[in-house]
Amino acid sequence: MEMIFLGDYIRQRRKDLGLTQRQLCEGICEPMTISRIERGEQTPRHNTVIALLERLGAPYDRYFTLLSKDELKLAALQREITSASIQFQQEREPERSQAHTYALEKLAELERVREPDDNITLQYIQSARASLRTLEGSISPEEEIAALLEVIRITVPKFDLERIERKLYTLEEIRIINQIAAAYSNCGDHKKAADIFSQLHIYVKNHNQELTHSGGGLPLVAFNYARELDIRKHYEDALNIAAEGRAACVRYGHYQFLPGLIHIMAECHHFLGNDKESAFLYHRAYHLYQELQHERNCDILREDAKKQLNIDFP
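Quick caveat: nothing in here was measured; it's all calculated off a predicted structure.

*Asks:* So what about the overall build of the chain? Which residues, and what values?
*Replies:* In terms of helices and strands, the chain carries 15 helices and zero strands. Over its C-alpha trace the chain gives a radius of gyration of 20 Å, about what one expects of a compact globule, namely 20 Å for 314 residues. Classification of the 314 residues of the chain by burial places 50% in the buried group. Here the contacts in the chain between residues at least 6 apart in sequence split such that 66% fall between residues at least 24 apart. Computed over 40 positive and 48 negative side-chain charges, the inter-centroid distance for the chain is 3 Å.

What follows is the structure in structure tokens.
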């Protein structure tokens, strides 16, 4: 395996993109810190390295950094919180309530062990809290938008929804912008939501192609963008974006959004008059939901298939 000095790589990648040290590290660390990293004089936190490389659109599977016990604990807590949040969104009761309680307990623990100057972990905590409050129905979509704009500005102080392409983003920042767009959709402002998803879609396609560990965020953004286009009855465009997202899921081995993308394609084919293909895709999506144990999504698909094609799933 090729050995690459991290500081040299970050400096060269940054210069290739025409960025100053201040532009790259904004909200993540101090310019002095990145200067020391580039000179090999400082070993940064693991999450700082990952955030910088993600903003540069650079893969980090070639880099190895030693993790302290605290960093290992932070990473483990975030994995547990993310898993519990997904369960809370997808499971039925009583598992749903149990996942919610567990996520809140782990968030409180993460907050206790976070270092005061760790903005990346702070952003994750605030984002996860806003997401859980939205899913439990304790805040409105308008309140969620306001909360998430504060969250994104922890690390992107001058963030502008109208000019998303002017900044560079980590994958966590992309997820937060995605949440903001979804909140606009839940408010009924589908035009605004589609505009944000469109900007994000262009960004991840142009900037994140090397991030194979996550698909560069393309499966996530394609799923939500296609769903928004479907809601607006732009079925041809929705079908194309969903097909692109499906291909990215398979190419990069990220299957969380695969059944949802196929579900969207099934619905689009129905409204475009191709019921044979629609029925085929409904069956594929249903069985994938079952394999991934997405019980609530199975329920939604049953209703859609029955309503549109009179298909009865068990």
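*Asks:* Outline the side chain of histidine 207, supporting the account with residue identities and numerical values.
*Replies:* By the secondary structure assignment, histidine 207 is in helix H10 (residues 190–207). Residue classification places histidine 207 among the buried residues on the basis of a relative accessible area of 14%. At 2.7 Å, the side chain of histidine 207 forms a polar contact with the backbone oxygen of arginine 55. Setting aside residues up to four positions removed in sequence, histidine 207 forms contacts with Leu17, Glu54, Arg55, Leu56, Gly57 and Leu168.

*Asks:* I'd love a proper account of the layout of surface pockets, names of residues and values included.
*Replies:* Taken as a whole, the second largest pocket encloses approximately 370 Å³ of empty space. Around the second largest pocket, the lining comprises 19 residues; the ones closest to its centre are Ile28, Cys29, Glu30, Thr33 and Asp117. Residue assignment for the lining of the second largest pocket shows that the elements contributing at least two residues are helix H2 (21–25), helix H3 (31–38), helix H4 (46–55) and helix H7 (119–136). Its residues placed into classes, the lining of the second largest pocket shows six nonpolar, seven polar and six charged.

*Asks:* Could you give an account of the packing of helix H13 (residues 258–271) against helix H14 (residues 275–291), with specific residues and numbers?
*Replies:* Following both chains from N to C, one finds H13 and H14 inclined at 160 degrees, their axes separated by 8 Å at the closest point. The angle between the axes of H13 and H14 places the two elements in the roughly antiparallel class. Once H13 is placed against H14, the crossing between them reads as left-handed. Listed contacts from H14 to Leu258, Pro259, Gly260, Ile262, His263, Met265, Ala266, Glu267, His269 and His270 of H13 are Asp275, Glu277, Ser278, Leu281, Tyr282, Arg284, Ala285, Leu288 and Tyr289. A breakdown of the residues in the contact of H13 with H14 according to their chemical character gives 10 nonpolar, five polar and four charged.

*Asks:* Please give an account of the nonpolar core that cites residues and values.
*Replies:* One finds Ile10, Phe159 and Ile180 to be the most contacted residues of the largest nonpolar core, which totals 80 residues. Setting aside residues no more than four positions away along its own chain, isoleucine 10 makes contact with Leu24, Ile34, Ile37, Glu38, Leu52, Leu53 and Leu56. Counting residues in hydrophobic clusters, the runner-up holds 13 residues, among them Leu74, Ala103, Leu110 and Ile125.

*Asks:* Explain the state of the cysteines to me, and be specific about the residues and the numbers.
*Replies:* The tally for this structure, following the rule as stated, stands at zero disulfides. Of all cysteine sulfurs in the structure, the one in cysteine 25 sits closest to cysteine 29, which takes part in no disulfide; the separation is 4.6 Å. You can call cysteine 29 buried: its relative accessible area is 16%. Among the cysteines around cysteine 298, which has no disulfide bond, cysteine 249 carries the closest sulfur, lying 17 Å off.

*Asks:* I'd like to hear about the packing of aromatic side chains, residue by residue, with values.
*Replies:* The geometry of an aromatic ring pair comes down to the distance between the two centres and the angle between the two planes. Throughout the structure, instances matching the rule amount to five aromatic pairs. Geometrically, the ring pair formed by phenylalanine 223 and phenylalanine 257 is tilted, given 5.8 Å between the ring centres and 35 degrees between the ring planes. Separated by 34 residues along the polypeptide, phenylalanine 223 in helix H11 (residues 218–231) and phenylalanine 257 in the loop between helix H12 (235–252) and H13 bring together distant segments of the chain. Taking NZ or CZ as reference, arginine 96 lies 4.2 Å from the ring centre of phenylalanine 88, over its face.

*Asks:* Explain a nonpolar patch on the surface to me, and be specific about the residues and the numbers.
*Replies:* On the surface, a cluster of nonpolar side chains totalling about 270 Å² of accessible area is made up of Val250, Tyr255 and Leu292. We classify tyrosine 255 as partly exposed; its relative accessible area is 42%.

*Asks:* Residues and numbers for the packing of helix H5 (residues 69–90) against helix H6 (residues 95–113), please.
*Replies:* Contact geometry for H5 and H6: axes closest at 8 Å, N-to-C directions at 155 degrees. The angle between H5 and H6 places the two elements in the roughly antiparallel class. Crossing handedness for the pair H5 and H6: left-handed. Where H5 approaches H6, its residues Lys73, Leu74, Leu77, Gln78, Glu80, Ile81, Ala84, Ser85, Gln87, Phe88 and Gln89 are matched on the opposing element by Arg96, Ala99, His100, Tyr102, Ala103, Lys106, Leu107, Glu109, Leu110 and Val113. Classifying every residue of the contact of H5 with H6 gives 11 nonpolar, five polar and five charged.

*Asks:* A description of the pattern of salt bridges should follow, citing residues and the corresponding values.
*Replies:* As enumerated under the stated definition, the model contains 19 salt bridges in all. Salt-bridge contacts for glutamate 38 lead to arginine 14; the nearest nitrogen and oxygen are separated by 2.7 Å. One end of the pair, glutamate 38, is in helix H3; the other, arginine 14, is in helix H1 (residues 6–16), with 24 residues separating them in the sequence. For the pair shown, glutamate 38 and arginine 14 are each scored as buried. Across the salt bridge formed by arginine 175 and glutamate 172, the nearest N and O atoms sit 3.3 Å from each other. You can see arginine 175 and its partner glutamate 172 sitting in helix H9 (residues 171–187), three residues apart, about one turn around the helix. Given a relative accessible area of 41%, arginine 175 falls into the partly exposed group. Each member of the salt-bridge network shares a partner with another, and the members are Lys73, Glu80, Lys106 and Glu109.

What counts, and at which threshold
Residues numbered from 1 in each chain as written. Predicted model: local features only at pLDDT ≥ 70, side-chain atom pairs only at ≥ 80, totals over all residues. Heavy atoms only, no water. Helix = DSSP H or I, 4+ residues; strand = E, 2+ residues; numbered from the N terminus. Rg over C-alpha atoms; globule rule 2.2 N^0.38 Å. Buried < 20%, exposed > 50% of the residue type's maximum accessible area, 1.4 Å probe, protein only. Contact = heavy atoms within 4.5 Å. Lys, Arg positive; Asp, Glu negative; His and termini not counted. Charge placed at Lys NZ, Arg CZ, Asp CG, Glu CD. Polar contact = N/O pair within 3.5 Å; in protein donor to acceptor, adjacent residues only side chain to side chain. 1 Å grid on protein atoms, 1.4 Å probe; cavity = no way out; pocket = protein on both sides within 12 Å on 5 of 7 lines; lining within 4 Å. Points joined across faces, edges and corners; volume = space filled by probe spheres on them. Nonpolar A, V, L, I, M, F, W, Y, C, P; charged D, E, K, R; others polar. Axes fitted to C-alpha atoms, helices over the stretch in contact; angles between N-to-C directions. Parallel < 35°, antiparallel > 145°, perpendicular 65-115°, else oblique. Left-handed = near helix turned anticlockwise from the far one by under 90°. Core = buried A, V, L, I, M, F, W, Y, C linked by side-chain atoms within 4.5 Å. Disulfide = S-S within 2.5 Å. Phe/Tyr/Trp six-rings, centres within 6.5 Å; stacked < 30°, edge-to-face > 60°. Lys NZ or Arg CZ within 6 Å of the ring centre and 35° of its normal. Patch = residues over 30% accessible without salt bridge, like charges linked within 9 Å, V, L, I, M, F, W, Y side chains within 5 Å. Areas by Shrake-Rupley, 256 points an atom, 1.4 Å probe, with all protein chains shown as cover. Salt bridge = Lys/Arg side-chain N within 4 Å of Asp/Glu carboxyl O.

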